[in-house]
Amino acid sequence: MSSSKIQVRGQPLLRVPARNHRMTHLVVCGVSTKRHHREINALSSNSGPSLDSVPTRTDKRQFLRGDGNGKFGRFGGKFVPETLMSRLIELEDEFNFVRCDHEFQEELTTALRDYVGRETPLYFAERLTEHYKNIVPTIEGGPEIYLKREDLSHCGSHKINNALAQAMISRRLGCSRVVAATGAGQHGVATAAACAKLSLECTVFMGAADIEKQSFNVLSMKLLGAQVISVEGTFKDASSEAIRNWVENLYTTYYLSGTVVGPHPCPIIVREFQSVIGKETRRQAKQLWGGKPDVLVACVGSGSNALGLFHEFVGDEDVRLVGVEAAGLGLDSGKHSATLAFGDVGVYHGSMSYLLQDDQGQILKPHSVGVGLEYPGVGPEISFMKETGRAEFYTATDEEAIQGTYLIVRHEQNLIITGPFLNSNWTVTVTINRKID
Ligand SMILES: Cc1ncc(COP(=O)(O)O)c(C=O)c1O
């Protein structure tokens, strides 16, 4: 699929200054590492560039949360054919209604508690913390590492938080059929489970090679009653097919987006339903050490688990937000999914964001050993976080991710890795070594 390309080369990006702590609480989804502060250098400190240099429309915190209409600076929007507009407006209306609707919220809270198993633990990774104490010389004593255990949710990942809530919206809109696209299969399983719970018909589009690699998740989807349709290509091609199918059946079918991309209001909807992760983390941190996490770390495929964790803390300038994207076989190899490191701004799947594209604006094929990270774009809010400097972004290669997985499994043997083996949310947190400028 082609995209309209807007070159942004030459625009300097703000960097978040490294800060000086005595002891850190790092949360991984997400990492929370816990530390006692000697001195908190907030983003407004004199030690580096600060958010003060970001143009503010009203108030800085509000600015960082977007304009409420799906625009984050120049990112986001609704680049869709006219025929889709009215359906997207209806979706937005319904979403705005259910956000404040007591009945909907009560049903969702109950389902998240009893069906999904929330809240998920904020688990102190003691042995991993011990491991890093000796090898991270920059942080005195090393960080205390906490894992936000989204893997313990029903179906094995954060995807169910959003799938369940959106399936409820589908039912309210009178759509008895749901379509979705999945890469690793985690969003497919979550959508199939949500549809089974709510008696909705479910069709999941998935790349042919991904079907083979993630055969266990495909079996789960089928057991849950979903139809799995094989698509030539990878996750991006499956997404295009799912959207096409939705457009052909607009008034009977609901497109259940699994991540924070697509035309407005899709990214906002997914982020809203995933932000339960960050809200719980704030509460749990307060209970566990009476403060906030110092650093939050999440892998960035397109950004749903990252924003789920980060969004709650966007206005907390003393909390560093760190995203890690997939460098695949290496940034110079051309085989990676490092959209923020290598992408240019363009329009894809209905919104404007950073994209992996060639000089003609054609989408480049992404690669990662973590199937769920193979997408050529990121959500508009993630792009905005990079551009404003509110979040820091790094990359990790396939090899580093694999080593990270081994390390975490060996140190925290009680963790059961489910779903996409190499893109579980916490694997990347130990392999950060290159900062994206
Ligand atoms: C467990 C898990 N984490 C992370 C991701 C990456 O997606 P996102 O960046 O939207 O969280 C996926 C995608 O399939 C996933 O299954």
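Residues numbered from 1 in each chain as written. Predicted model: local features only at pLDDT ≥ 70, side-chain atom pairs only at ≥ 80, totals over all residues.

As annotated in an unreviewed UniProt entry, the protein is Tryptophan synthase from Arabidopsis thaliana. Listed under Catalytic activity (unreviewed entry) in UniProt, the entry text for the protein is "(1S,2R)-1-C-(indol-3-yl)glycerol 3-phosphate + L-serine = D-glyceraldehyde 3-phosphate + L-tryptophan + H2O". As recorded by UniProt, the Cofactor (unreviewed entry) comment attached to the protein reads in full: "pyridoxal 5'-phosphate". (UniProt positions renumbered as here; feature names shortened; annotations may be inferred.)

## Here we look at the sheet that holds strand β8 (residues 177–182)
Strands sit in the order β10-β9-β8-β11 across an open sheet of 4 strands; the sheet is parallel. Either end of the sheet is taken by a strand with one partner, and the two such strands are β10 (227–231) and β11 (253–255). Neighbour to neighbour, the strand axes of the sheet diverge by 25 degrees on average, direction disregarded. Direction of pairing for strand β9 (residues 201–207) relative to β10: parallel, over a ladder of 5 bridges. When the bridges of β10 are listed, G207 appears paired with V231. (Pairing = 2+ DSSP bridges. Helix = DSSP H or I, 4+ residues; strand = E, 2+ residues; numbered from the N terminus. Axes fitted to C-alpha atoms, helices over the stretch in contact; angles between N-to-C directions.)

## Remarks on unusual backbone geometry
Cis geometry marks the peptide bond from R118 to E119, where omega comes out at 10 degrees. Turning to its location among the elements, E119 is positioned in the loop between α3 (102–116) and β6 (122–124). Here the residue pair H264 and P265 is connected by a cis peptide bond, since its omega of 10 degrees sits within 30 degrees of zero. Along the chain, P265 falls in the loop between β11 and α10 (266–274). A positive phi angle is found at C155, which is not glycine, with a value near 80 degrees. The residue C155 is located in the loop between β7 (144–148) and α5 (159–172) in this model. In this structure, H349 takes a positive phi of about 45 degrees despite not being glycine. Looking at where H349 falls in the secondary structure, it is placed in the loop between β14 (344–348) and β15 (351–355).

## Focus on the pairing of β8
Sheet faces and side chains relate simply in a regular strand, where the side chains alternate between the two faces. For β8, the buried fraction is high: 5 of the 6 residues fall into the buried class. Here 6 bridges tie β8 to β9, and the two strands are oriented parallel to one another. The residue of β9 that forms the bridge with A180 is V204. In the sheet, β8 pairs with β11 via 3 bridges, with the strands oriented parallel. Bridging across to β11, V178 finds its partner in Y254. (Buried ≥ 20, exposed ≤ 12 C-beta atoms within 10 Å, placed from the backbone.)

## Overview of the nonpolar core
Ranked by size, the top nonpolar core spans 104 residues in total, and within it L164, A167, V178, A192, A242, L296 and F310 carry the most contacts. Two domains share this core, each providing at least three of its residues, namely domain 1 (63–79 + 121–152 + 294–437) and domain 2 (101–116 + 156–258). When neighbours within four sequence positions are excluded, A167 is seen to be in contact with V178, A194, C195, L198, L200 and L256. (Core = buried A, V, L, I, M, F, W, Y, C linked by C-beta atoms within 7 Å. Domains from an automatic or database assignment. Contact = placed C-beta atoms within 7 Å.)

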